[in-house]
Amino acid sequence: MTFLSDLVEPFIRFQFMRNSLMAVVLVGTLCATIGVYVVLRRMAFIGDALAHTVLPGIVFAYFNNINLFLGAVVAGLLTAFGIGWLSRRETLREDTAIGIMFTFMFALGILLMSTARSFRDFTHILFGNVLGVTPSDLLLISIVAVIVLGTLILFHKEFELTSFDPTHAEVIGLRADRLRYVLLILLALTVVTAIQAVGVVLTSAMLITPAATASLLTNRLPRMMLIAVSVAIGAGIIGLYASYYYNVASGAAIVLACTLLFGLAWLGRSLARVLGSLLSK
Amino acid sequence: MAVSVMGKLRDARLFYSHRRYAEPVAGSPALEIENLYVNRPNQNVLALEDISVRVPVGTRLALVGPNGAGKSTLLKTIAGLLPIRSGRLLVYGLPVGACHHRVAYLPQRGDIDWRFPINLRRLVMTGRYVHLGWLRQPSAHDWQIVDRVIERLGLSALADRQIGQLSGGQQQRALLARALAQEADLILLDEPTSAVDAETQAVISNLIAELSREGKTLVVATHNLERLESDFDGVLYLREGRQVSQLSNAALQPIQ
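Residues numbered from 1 in each chain as written. Chains lettered and ligands numbered in written order. Predicted model: local features only at pLDDT ≥ 70, side-chain atom pairs only at ≥ 80, totals over all residues. Heavy atoms only, no water.

Caption draft 1: Expanded view of the side chain of Asp113 of chain B. Relative to the helices and strands, Asp113 of chain B resides in the loop between β6 (103–106) and α3 (120–125). Sequence-distant contacts of Asp113 of chain B, defined by excluding residues within four places in its chain, comprise Leu40, Arg42 and Phe164 of chain A together with Ile163 of chain B. (Helix = DSSP H or I, 4+ residues; strand = E, 2+ residues; numbered from the N terminus. Contact = heavy atoms within 4.5 Å.)

Following this line, the structure appears as structure tokens:
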């Protein structure tokens, strides 16, 4: 009984806990859905890079009293276009180009941060603080969620086709490179919302770990997305409780919970395989 | 009035490329190539030099030659995947890409990510996408066509399999099913019988003959030299990007 009330109580008592719960659900849904494409299209490195490159945008916005979220969105979109543009020309390999861009932007962000009087203001950007989500943050996250999920649903069959067979897409006049651009933009938007929850450093975990967990459990795309979303939301809520009751960093707690669920899925699959081979003998 | 507007809205289609949905020029051959030069992808090196061939509607042309001779390059150029450097290439009397719903291209198997979480039935359905365009979902009619071609290629029992769990021959048949689902008139096949089991080879050979009887035009890159004369109306030999000779039955006339 007390356990149950421990679970429900923080959300009844505190508005900020209800806000955080909303944020965790929205961010988890977004990250996990687009994360499935990130994992299947092997874009993990780009996802991580995008998360890091928004740092100078956030710091710039902070110094100029602009909404941090807005600064991050602009920097994220610029990076998405930059990566798309760099990878179009084949003078550099794409991963090399990304490596250069993302460390440059991250270094720029850190340099800007070091000019501030106190580094402390930025810890929630680097490591996330889902308990500090404000109603206006929530509104922005909701808008991004509608845009990203709406686009993914409307163009599902095109994203699916260009992911596994870009050649056929090109043959029927569907430009795979343009869809990739769109996906990069959606990814940039998603990453910015994820920073609210888990911070710059850990955002790629939210993109990759839930989707990777789901990919162990099914080989149907829609089901993979559903499982990934459940994993992300579940991990988000576990992280929230950990942060509330044990006063630990929420972002790190969420990512660790994600990894734990991934480990369980891995274990479950291995056990199922062993059992399956035993039974078939 | 309102009903007809609704009906129009329902039938409205946003094709991926309107340029690619034109009607063929009446009386023109399926494929007409004159002095075609094509570069290797992203290089200023010629992959094809001075190719000329004419493929009338309803005939079968084999592309033959050693590896690297340019067979795949020629098929990709016809499919609109590679730009033309100079020369003329008309598909049903229109420039490349103008009526691509009528052209189905079967790539070599390596071009596809077979680990992607999609089943055979959905893979075959992607052959219908050129007719659907943006925002439209497959209709019951589309699924009917898909199920029919899957049955025709003997894959019905595997329809729900994830594509990576199919054998090489089954994957090849799945790609062929997709090309058929497109209901194209000109079918380009890149080495359809290389590295596949005997069953698949037989299925594909029979299918090529059947398609030809149905009035489809086929251009097939092949290594299988044994049945050239029985299975094809003409043969284009390529070596190092050049056309070495052209052997043809009466139906196929070289352009002079």
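Caption draft 2: Quick look at the packing of helix α9 (residues 156–164) of chain A against helix α11 (residues 176–217) of chain A. Residues and elements named next belong to chain A. Taken N-terminus to C-terminus, the directions of α9 and α11 make an angle of 110°; their axes are 10 Å apart at the nearest point. What the angle tells us is that α9 and α11 run roughly perpendicular. Judged by the twist between their axes, the crossing of α9 over α11 is left-handed. Here Glu158, Phe159 and Thr162 of α9 lie close against α11, whose contacting residues are Ala176, Leu179, Val182, Leu183 and Leu186. For the contact of α9 with α11, the per-class residue count stands at six nonpolar, one polar and one charged. (Axes fitted to C-alpha atoms, helices over the stretch in contact; angles between N-to-C directions. Parallel < 35°, antiparallel > 145°, perpendicular 65-115°, else oblique. Left-handed = near helix turned anticlockwise from the far one by under 90°. Nonpolar A, V, L, I, M, F, W, Y, C, P; charged D, E, K, R; others polar.)

Caption draft 3: Structural view of the pattern of salt bridges. All names here are of chain B. Overall, the coordinates contain 20 salt bridges over all chains when judged by the stated rule. Salt-bridge contacts for Asp147 lead to Arg121; the nearest nitrogen and oxygen are separated by 2.7 Å. Remark: Arg121 occurs in helix α3 and Asp147 occurs in helix α5 (residues 140–152); sequence separation between them is 26 residues. Note on Asp147: relative accessible area 32%, which makes it partly exposed. Looking at Arg121, the relative accessible area reads 26%, which means it is partly exposed. What you see here is one network of salt bridges that share partners, running through Glu32, Glu34, Arg54 and Arg88. (Salt bridge = Lys/Arg side-chain N within 4 Å of Asp/Glu carboxyl O. Buried < 20%, exposed > 50% of the residue type's maximum accessible area, 1.4 Å probe, protein only.)

Caption draft 4: Representation of the interface of chain A and chain B within the structure. With 25 residues of chain A at the contact, the number on the chain B side is 33 residues. Of the roughly 2,600 Å² buried between chain A and chain B on both sides combined, carbon and sulfur atoms contribute 61%. Contact with chain B buries surface across chain A, with Lys157, Phe164 and Val171 of chain A losing the most and accounting together for 29% of the total. For the pair chain A and chain B, the number of links is three salt bridges. For Glu160 of chain A, the salt bridge is made with Arg122 of chain B, and the minimal N-O distance between the two is 3.0 Å. Elements with a minimum of two residues in the side of chain A that touches chain B: α9, α10 (166–171) and α12 (221–246) of chain A. Top contributing element to the side of chain A that touches chain B by residue count: α9 of chain A, with seven residues. When its residues are assigned to classes, the side of chain A that touches chain B shows eleven nonpolar, six polar and eight charged. (Buried area = accessible area lost by both parts, 1.4 Å probe.)

Caption draft 5: Molecular detail of the packing of aromatic side chains. On inspection of all chains with the given rule, the structure shows twelve aromatic pairs over all chains. Ring plane angle 65° and centroid distance 5.9 Å describe the contact between Tyr62 of chain A and Phe63 of chain A, whose orientation is recorded as edge-to-face. On the accessibility criterion, Tyr62 of chain A (31% relative accessible area) is partly exposed. Put simply, the rings of Phe14, Phe16, Tyr244 and Tyr245 of chain A pair up and form one aromatic cluster. The ring of Tyr129 of chain B carries Lys157 of chain A above its face, with NZ or CZ at 5.6 Å from the centroid. (Phe/Tyr/Trp six-rings, centres within 6.5 Å; stacked < 30°, edge-to-face > 60°. Lys NZ or Arg CZ within 6 Å of the ring centre and 35° of its normal.)

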